[in-house]
Amino acid sequence: MSYVAIIITYVFISNFVLTQFLGMCPFLGVSKNVESAVGMGFAVTFVATMASLVTWMIQHYILVPLNIVFLQTVAFILVIAALVQIVEMVLQKFAPPLYKALGLFLPLMTTNCAILGVAVIAVRANYNALESFTAGFACGVGFLLAIFVMSTIRERIATEDIPKPFRGIPIAFIIAGLMAMSFMAFDKALLKNLIG
């Protein structure tokens, strides 16, 4: 699979949030305003990109040669936790308002199934190091795109007169469902037509 195909696949066709429903906790929790959503999107993009590359190296240079592949999930979560800790320290030092706005959802990135999912899928798809890196980056960009669109919609509807039972999380689920349906327009046939 070409690098362009990997990017199109993970941003549009197999968007982890909208087609596989991975990473829904930060997606719904942080998408109330655009600034926090974009900050979380960039944080997820960085962690997913670096985690994909580092976990590929751990898989191919440690786990497989030592025949301890059964430790894959534990090793991958430790890598993700370390990367999230780095992001947390950088944000706390250089962007305290964003750090406070992200709150609990920043450390929860450690258990974000989208980040672990892209690392595991990249290994199982037998991607090389650069393809894994590209898949992680594309997964993060897909998350960023989805959370940005969701936050702009949620900011807009916050000023609208929504019936009381639909306010908050219920309307967020409805929006997420409509976004997921719109992403169904992107499929492998479209990729084949674009790339050939």
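Not measured: the values here are computed from a predicted model.

Calculation notes
- Residues numbered from 1 in each chain as written.
- Predicted model: local features only at pLDDT ≥ 70, side-chain atom pairs only at ≥ 80, totals over all residues.
- Heavy atoms only, no water.
- Helix = DSSP H or I, 4+ residues; strand = E, 2+ residues; numbered from the N terminus.
- Rg over C-alpha atoms; globule rule 2.2 N^0.38 Å.
- Buried < 20%, exposed > 50% of the residue type's maximum accessible area, 1.4 Å probe, protein only.
- Contact = heavy atoms within 4.5 Å.
- Lys, Arg positive; Asp, Glu negative; His and termini not counted.
- Charge placed at Lys NZ, Arg CZ, Asp CG, Glu CD.
- Patch = residues over 30% accessible without salt bridge, like charges linked within 9 Å, V, L, I, M, F, W, Y side chains within 5 Å.
- Areas by Shrake-Rupley, 256 points an atom, 1.4 Å probe, with all protein chains shown as cover.
- Salt bridge = Lys/Arg side-chain N within 4 Å of Asp/Glu carboxyl O.
- Phe/Tyr/Trp six-rings, centres within 6.5 Å; stacked < 30°, edge-to-face > 60°.
- Axes fitted to C-alpha atoms, helices over the stretch in contact; angles between N-to-C directions.
- Parallel < 35°, antiparallel > 145°, perpendicular 65-115°, else oblique.
- Left-handed = near helix turned anticlockwise from the far one by under 90°.
- Nonpolar A, V, L, I, M, F, W, Y, C, P; charged D, E, K, R; others polar.

1. So, the overall build of the protein chain
Each helix and strand counted, the protein chain has nine helices and zero strands in total. Helices and strands in the protein chain line up, N terminus first, as α-α-α-α-α-α-α-α-α. For the protein chain, whose C-alpha radius of gyration is 17 Å, the value lies close to the compact-globule estimate of 16 Å for 196 residues. Based on the C-alpha atoms only, the size of the protein chain along its principal axes is roughly 60 × 45 × 25 Å. Counting only residues that meet the buried cut, the protein chain has 45% of its 196 residues in that class. In the protein chain, the share of contacts with a sequence separation of at least 24, taken over all contacts with a separation of at least 6, comes to 77%. Taking the 10 positively charged and 7 negatively charged side chains of the protein chain as two groups, their mean positions are separated by 5 Å.

2. Let's talk about a nonpolar patch on the surface
A cluster of nonpolar side chains, contributed by Phe-166, Ile-174, Leu-178, Met-181 and Met-184, occupies part of the molecular surface with about 540 Å² of accessible area. Tracing the chain through its elements places Phe-166 in the loop between α7 (129-157) and α8 (169-183). Under the relative-accessibility criterion, Phe-166 is labelled partly exposed at 40%.

3. Re the packing of aromatic side chains
Applying the stated criterion across every chain yields a total of three aromatic pairs. Look at Tyr-10 and Phe-16: their rings are 5.8 Å apart centre to centre, the planes differ by 50°, and that puts the pair in the tilted class. Judged by relative accessible area, which is 6%, Tyr-10 ranks as buried. Phe-16 gets classed as buried once you look at its relative accessible area, which sits at 2%. On the numbers, 5.9 Å between centres and 85° between planes, the contact of Trp-56 with Tyr-61 is edge-to-face. Residue classification places Trp-56 among the buried residues on the basis of a relative accessible area of 11%. The class for Tyr-61 is exposed, based on a relative accessible area of 58%.

4. Some words on the packing of helix α3 (residues 34-63) against α7
The geometry of α3 relative to α7 is characterised by a closest axis approach of 8 Å and an angle of 165° between their N-to-C directions. For the element pair α3 / α7, the angle class is roughly antiparallel. When the axes of α3 and α7 are compared, the crossing they make is right-handed. Here the contact of α3 with α7 is composed, by residue class, of 18 nonpolar, nine polar and one charged.

Without other data, these values stay purely geometric and don't point to any function.
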